[in-house]
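Reading the structure
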2 protein chains.
Amino acid sequence: MTTKSLPGGVCAPQGFKAAGLHVGFRQNTEKPDLALILSDVNCAAAAVYTLNKVQGAPLGVTRQNIADGHARGILCNSSNANTCAPGGVQLAQNCCKLLADATALAPEDFVVASTGVIGQVLPIEPFERGIPPLVSALSADGCRDAAAAIMTTDTVMKEIALEFTLGGVPCRMGAIGKGSGMINPNMATMLIFITTDVAIAPALLQKALGDEVQLSFNQITVDGDTSTNDMVAVLASGLSGNAEITAPGADYDAFCAVLSEVCVWMSRAIAADGEGATKLLECVVTGAPSDTLARLIAKTVVGSDLFKAAMFGADANWGRALCAIGYTPGDFPVDHISVTLKSAAGQVQVCKESVHHPYSEDDAARILAEKEIGVLIDMGEGAGQGTAWGCDLTYDYVKINGDYRS
Amino acid sequence: MTTKSLPGGVCAPQGFKAAGLHVGFRQNTEKPDLALILSDVNCAAAAVYTLNKVQGAPLGVTRQNIADGHARGILCNSSNANTCAPGGVQLAQNCCKLLADATALAPEDFVVASTGVIGQVLPIEPFERGIPPLVSALSADGCRDAAAAIMTTDTVMKEIALEFTLGGVPCRMGAIGKGSGMINPNMATMLIFITTDVAIAPALLQKALGDEVQLSFNQITVDGDTSTNDMVAVLASGLSGNAEITAPGADYDAFCAVLSEVCVWMSRAIAADGEGATKLLECVVTGAPSDTLARLIAKTVVGSDLFKAAMFGADANWGRALCAIGYTPGDFPVDHISVTLKSAAGQVQVCKESVHHPYSEDDAARILAEKEIGVLIDMGEGAGQGTAWGCDLTYDYVKINGDYRS
């Protein structure tokens with residue numbers, strides 16, 4: 001699948017406008033804190049949600065609203081998660097009503113999301129005050145404002161747009177995202193909003209998203225904490241004019257390939273912007289008994305605090321990778337493992353047949369000084385492969401998360 | 001069970017001597033690095049080992065040596081784990097032979113353990129040089145030297161001894177331990193060596209240890225990493241003169257109660273001395289559907305980096321506890337959770353029925369300023385209970401583990 005990058009983010013696909021405004025959830029800043037993405041037409045809609053049993057109120061409301069497979073827009077506030085607070089469901093529903101009034105649509109037409117502190121009541125006033133001007137501010141240039149409005153501890157704005165063809169018809173897909181720890185009380189839930197003008201049946205859109213999330217977003221870890229509010233939602237306007245994708249086949253596969261490109265890009269961006277991170281870690285496991293096990297091993301290695309701390313220290317401490325492989329759940333052989341460390345500065349094999357492989361510590365230090373580190377693990381026992389992304393564990397992670405909330 | 005604390009550690013029970021010497025595994029220090037515990041008589045022996053699939057060579061050798069349920073002594077070096085290095089099994093066997101020569105016992109009479117860097121060949125020379133003087137140094141006052149010799153990043157020496165009666169006969173149990181991260185490449189495996197003069201059949205000793213470990217050592221977490229070299233071993237000399245425990249019953253239960261007291265004391269000591277830790281966290285879960293689930297929830301909460309960082313910052317961020325409860329594996333209700341924070345400075349309820357419970361932030365800050373924090377979680381849904389221990393996540397954890405090995 002050939003894709004071309006272009007500007008515009010979620011507004012790049014036909015039919016979408018966006019806006020982001022400061023409406024007052026945050027008191028001491030002018031940073032935008034309420035985002036809206038709206039489609040000119042009704043969209044096929046799909047979403048996946050956190051697996052945490054404690055879930056934010058907006059997730060249940062969104063689940064109900066898109067149960068019919070359709071939506072028109074996405075509303076998201078930052079600074080308060082609307083989670084573990086009394087009256088949260090009612091409040092999320094009231095937000096949808098305010099939005100319906102301001103857009104002459106139905107309350108059930110909207111995906112709603114929140115990110116921020118858990119356990120505090122989300123006030124309705126900023127929504128009452130902010131939604132009418134937010135709707136007025138909607139524009140085809142509004143993606144960056146919307147992306148800014150959903151940021152919390154993120155240090156980098158995350159937006160992407162790709163162009164591609166489907167059955168000879170030019171199509172587009174765009175996305176904005178936020179997330180830098182996996183969880184939030186200091187505001188770090190992962191939220192991803194994707195738009196496309198591809199015509200695709202809701203059930204297939206849901207399947208494509210559900211499958212892709214296993215390979216991308218579920219393979220990121222910053223601190224192993226699963227947020228109560230994670231959500232990935234996609235709206236497909238169908239305005240590109242392609243023949244609607246209603247069954248698996250070449251068009252569906254092509255769509256999935258683009259969706260994968262967007263989701264992997266976002267996954268890497270979120271891992272690289274992990275709270276306090278100085279390095280992106282990409283662990284690629286090959287030669288495993290199965291793909292599932294390969295993904296699990298990769299995620300366990302990039303999730304090990306000890307390995308993450310070693311990467312912060314640019315220490316080629318491959319014993320910690322072996323140790324993490326060894327405590328990955330499951331029964332599998334561990335006697336023929338190779339480990340190679342790789343970056344823009346080169347690569348060096350540090351372990352062969354599960355024991356030390358001679359290497360130059362200087363080479364290793366030079367390679368590990370880079371901002372993006374590949375950890376290539378060959379399990380030597382099969383054809384399974386998988387990738388996971390993470391970041392190093394730094395003083396700043398502790399600082400960000402040890403600081404008092406207020 | 002009434003117990004009385006006394007000095008002497010592993011040498012307190014009748015029949016045991018110990019020693020610790022610097023024999024040269026570490027180059028730049030005079031810190032003792034080889035420990036020996038020896039019994040005057042053959043002992044019932046039991047051990048439990050790490051569940052990591054990558055295991056240090058000494059573990060396999062120990063497993064073989066005590067397969068007959070008996071041993072005479074325990075040899076342990078620090079600074080090199082003898083793991084993921086060629087020839088490790090042969091080397092561990094050779095150590096047993098050197099020890100057999102020096103003691104006129106059999107190589108199979110010994111438990112061997114190592115802790116330190118993974119992936120580097122453990123040299124035999126320090127053993128050859130060190131074992132004869134180590135045997136000569138054995139004494140009833142040698143426990144502290146042995147305890148010092150197994151320390152790595154530990155900041156506090158860990159030894160305990162208790163006196164109690166069994167069927168009217170005075171008995172003793174002692175232990176030394178080390179461990180401050182869960183794993184080692186910078187030397188932090190958990191090792192616990194327990195001695196007792198109780199007479200007990202090997203099979204029951206193994207059962208008592210195996211059951212107890214689930215409630216104590218397996219409920220500690222410093223960084224979630226499971227070492228390749230963890231081992232808990234116990235030797236029972238039988239010299240107290242009690243009627244040998246050969247079947248479950250009152251004496252067995254009493255023995256298990258003392259074993260539990262020793263193991264819980266060690267678990268707390270290890271968690272409190274977690275790498276970089278400034279606070280001991282004890283999470284007590286009650287009202288859970290089962291004891292197993294209660295233990296799992298408790299361990300997930302004290303294992304959450306976000307919660308650990310909040311405790312470092314003395315931040316009553318109970319949302320992070322709720323979040324960790326929510327992602328604990330298993331299907332259980334999360335709507336009636338209470339959370340109370342407790343320390344020597346008092347206690348404060350911060351969450352009721354899974355939502356915010358009004359409290360004074362000043363009270364909470366005062367309580368969380370203490371060195372030992374209790375996190376009391378009532379799941380409100382059953383009679384299951386369990387406890388886990390951990391520590392806060394600090395700048396120093398990152399420093400210790402991000403620093404270069406050499």
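Residues numbered from 1 in each chain as written. Chains lettered and ligands numbered in written order. Predicted model: local features only at pLDDT ≥ 70, side-chain atom pairs only at ≥ 80, totals over all residues.

This part covers the overall build of chain A. Helix and strand counts for chain A stand at eleven helices and 15 strands. Taken over C-alpha atoms, the radius of gyration comes to 22 Å for chain A, in line with the 22 Å a tight globule of 406 residues would show. Taking the principal axes of the C-alpha coordinates as reference, chain A spans close to 70 × 55 × 35 Å. A total of 406 residues make up chain A; the buried ones form 61% of that total. Considering only intrachain contacts with a sequence separation of at least 6, the fraction spanning at least 24 residues in chain A is 80%. (Helix = DSSP H or I, 4+ residues; strand = E, 2+ residues; numbered from the N terminus. Rg over C-alpha atoms; globule rule 2.2 N^0.38 Å. Buried ≥ 20, exposed ≤ 12 C-beta atoms within 10 Å, placed from the backbone. Contact = placed C-beta atoms within 7 Å.)

Now for the interface of chain A and chain B. It is common to report an interface's size as the accessible area lost on association of the parts. At the junction of the two partners, chain A supplies 50 residues and chain B supplies 49 residues. Sorting the residues of the side of chain A that touches chain B by element identifies α8 (305-312), α9 (318-327), β13 (355-356) and α11 (395-402) of chain A as the ones contributing at least two each. The element that contributes the greatest number of residues to the side of chain A that touches chain B is α9(A), accounting for nine residues. Its residues assigned to classes, the side of chain A that touches chain B comprises 24 nonpolar, 18 polar and eight charged. (Nonpolar A, V, L, I, M, F, W, Y, C, P; charged D, E, K, R; others polar.)

Further remarks concern the nonpolar core. Grouped together as the largest cluster of nonpolar side chains are 285 residues, with contacts concentrated most on A:Ala146, A:Val301, A:Ile377, B:Ala146, B:Val301 and B:Ile377. The residues touching A:Val301, leaving out its near neighbours within four places in the chain, are A:Cys283, A:Phe307, A:Ala321, A:Ala324, A:Ile325, A:Val375 and A:Ile377. (Core = buried A, V, L, I, M, F, W, Y, C linked by C-beta atoms within 7 Å.)

Here we take up the relation of the copies chain A and chain B. When chain A is fitted to chain B, the best match, at an RMSD of 0.1 Å, comes from turning it 180° and sliding it 0.0 Å along the axis. Expressed as an axis order, the relation between the two copies is that of a two-fold axis. It is A:Tyr395 whose C-alpha, among those of chain A, lies nearest the rotation axis, at 2.6 Å. A share of 98% of the interface residues of chain A reappears at the interface of chain B, consistent with the copies meeting face to face through the same patch. (Least-squares fit on C-alpha atoms with pLDDT ≥ 70 in both.)

Another point: the pairing of strand β12 (residues 346-352) of chain A. Residues and elements named next belong to chain A. Summarising the sheet, strand β11 (residues 338-343) and β12 pair through five bridges and their orientation is antiparallel. Following the sheet pairing, valine 339 is matched in β12 by cysteine 351. In sequence, β11 turns back onto β12 through a hairpin of two residues. (Pairing = 2+ DSSP bridges.)

Turning to helix α3 (residues 125-137) of chain B, a few remarks are in order. All names here are of chain B. Given a rise of 1.5 Å per residue, 13 residues ought to cover 18 Å, and the 19 Å separating the end C-alpha atoms of α3 matches this to within 8%. Of all the bends in α3, the greatest reaches close to 35° and is centred on isoleucine 131; the proline proline 132 follows between one and four positions later. Turning to α3, its buried residues are Pro126, Phe127, Gly130, Ile131 and Leu134. If you follow the buried residues of α3, they end up packed against β2 (16-21), β3 (34-49) and α2 (88-103). (Expected span 1.5 Å × (residues − 1). Bend = angle between axes of the 7 residues up to and from the residue.)

Our focus in this paragraph is the sheet that holds strand β13 (residues 355-356) of chain B. Residues and elements named next belong to chain B. Taken in spatial order, the six strands of this open sheet run β13-β12-β11-β14-β10-β15, and their pairing is mixed. Looking along the sheet, the strands with just one partner apiece sit at the ends: β13 and β15 (384-391). Where strand β12 (residues 346-352) lies against β13, two bridges are found, and the strand directions are antiparallel. Looking across to β13, one finds that lysine 352 is bridged to valine 355. Docked against the sheet, helix α7 (residues 291-303) engages β10 (280-288), β14 (372-378) and β15, running at close to 20° with respect to β15. Along the sheet, helix α10 (residues 361-368) makes contact with β11 (338-343), β12 and β14, crossing β12 at roughly 125°. (Axes fitted to C-alpha atoms, helices over the stretch in contact; angles between N-to-C directions.)

All names here are of chain A. Looking at chain A, the domain boundaries give domain 1 (4-272) and domain 2 (280-402). On a C-alpha basis, the centres of domain 1 and domain 2 stand 32 Å from each other. Listed per partner, the contact involves twelve residues of domain 1 and 13 residues of domain 2. Its residues placed into classes, the side of domain 1 that touches domain 2 shows four nonpolar, seven polar and one charged. (Domains from an automatic or database assignment.)

Taken residue by residue, a regular strand's side chains alternate between the two faces of the sheet. Residue and element names in this part refer to chain B. By the alternation rule, side chains of β14 split into Ile373, Val375 and Ile377, which are all buried, and Glu372, Gly374, Leu376 and Asp378, of which none is buried. Pairing between β10 and β14: seven bridges, direction parallel. Counterpart to glutamate 282 in the pairing with β14 is glycine 374. As paired elements, β11 and β14 share five bridges and run antiparallel to each other. When the bridges of β14 are listed, lysine 342 appears paired with glycine 374.

The next thing to look at is the environment of A:Asp211. Residues and elements named next belong to chain A. When you line up the elements, aspartate 211 lands in helix α5 (residues 202-215). Among the residues examined, aspartate 211 registers 12 C-beta atoms within 10 Å and is labelled exposed. In this structure, the C-alpha to C-alpha distance between aspartate 211 and serine 260, residues 49 residues apart in sequence, is 9.6 Å.

Residues and elements named next belong to chain B. Two elements in contact, helix α5 (residues 202-215) and helix α6 (residues 250-272), have axes whose closest approach is 10 Å; the angle formed by their N-to-C orientations is 45°. With respect to α6, the axis of α5 lies oblique. Regarding α5 and α6, the two cross each other, and that crossing is right-handed. Residues Leu204, Ala208, Glu212 and Leu215 of α5 pack against Tyr252, Phe255, Cys256, Leu259, Ser260 and Cys263 of α6. When its residues are assigned to classes, the contact of α5 with α6 shows eight nonpolar, one polar and one charged. (Parallel < 35°, antiparallel > 145°, perpendicular 65-115°, else oblique. Left-handed = near helix turned anticlockwise from the far one by under 90°.)

Moving on, we get to the sheet that holds β12(A). All names here are of chain A. Reading across the sheet, the six strands line up as β13-β12-β11-β14-β10-β15 and stay open at both edges, with mixed pairing between neighbours. A strand with exactly one partner marks an edge of an open sheet, and here the two such strands are β13 and β15 (384-391). In this fold helix α6 (residues 250-272) packs onto β10 (280-288) and β15, with an angle of close to 40° to the strand it touches most, β15. Most of the contacts of helix α10 (residues 361-368) go to β12, to which it runs at about 125°, and overall it touches β11, β12 and β14 (372-378).

This part takes up the confidence of the model for chain A. Interpretation of this model should avoid reading the predicted coordinates in detail wherever pLDDT is low. For chain A, the average pLDDT comes to 92, and 97% of its residues sit at 70 or higher. Below a pLDDT of 50 lies the segment residues 182-187 of chain A, which in the model reaches 40 contacts outside its immediate sequence neighbourhood of four places, other chains included. (pLDDT = per-residue confidence, 0-100.)

With that settled, the discussion passes to the packing of helix α7 (residues 291-303) of chain A against α9(A). Residue and element names in this part refer to chain A. Following both chains from N to C, one finds α7 and α9 inclined at 130°, their axes separated by 8 Å at the closest point. Between α7 and α9, the crossing angle belongs to the class labelled oblique. As α7 packs across α9, the resulting crossing turns out to be right-handed. Judged by residue contacts, Ile297, Thr300 and Val301 of α7 engage Ala321, Ala324 and Ile325 from α9. When its residues are assigned to classes, the contact of α7 with α9 shows five nonpolar, one polar and no charged.

A word on α11(A). Every buried residue belonging to α11(A) is among A:Tyr397, A:Val398, A:Asn401 and A:Gly402, and all of these are buried. The buried side chains of α11(A) occupy one side of the element, clustering within an arc of 110° when seen end-on. (Arc of directions from axis to C-beta.)

Residue and element names in this part refer to chain A. In this structure, methionine 311 sits in helix α8. Accessibility expressed as a C-beta count within 10 Å gives 29 for methionine 311, which makes it buried. Along the backbone, methionine 311 and glycine 326 are 15 residues apart, and their C-alpha atoms lie at a distance of 19 Å. Not counting the four nearest positions on each side in its chain, methionine 311 is found in contact with Lys279, Leu281, Leu368, Ile373 and Asp392.

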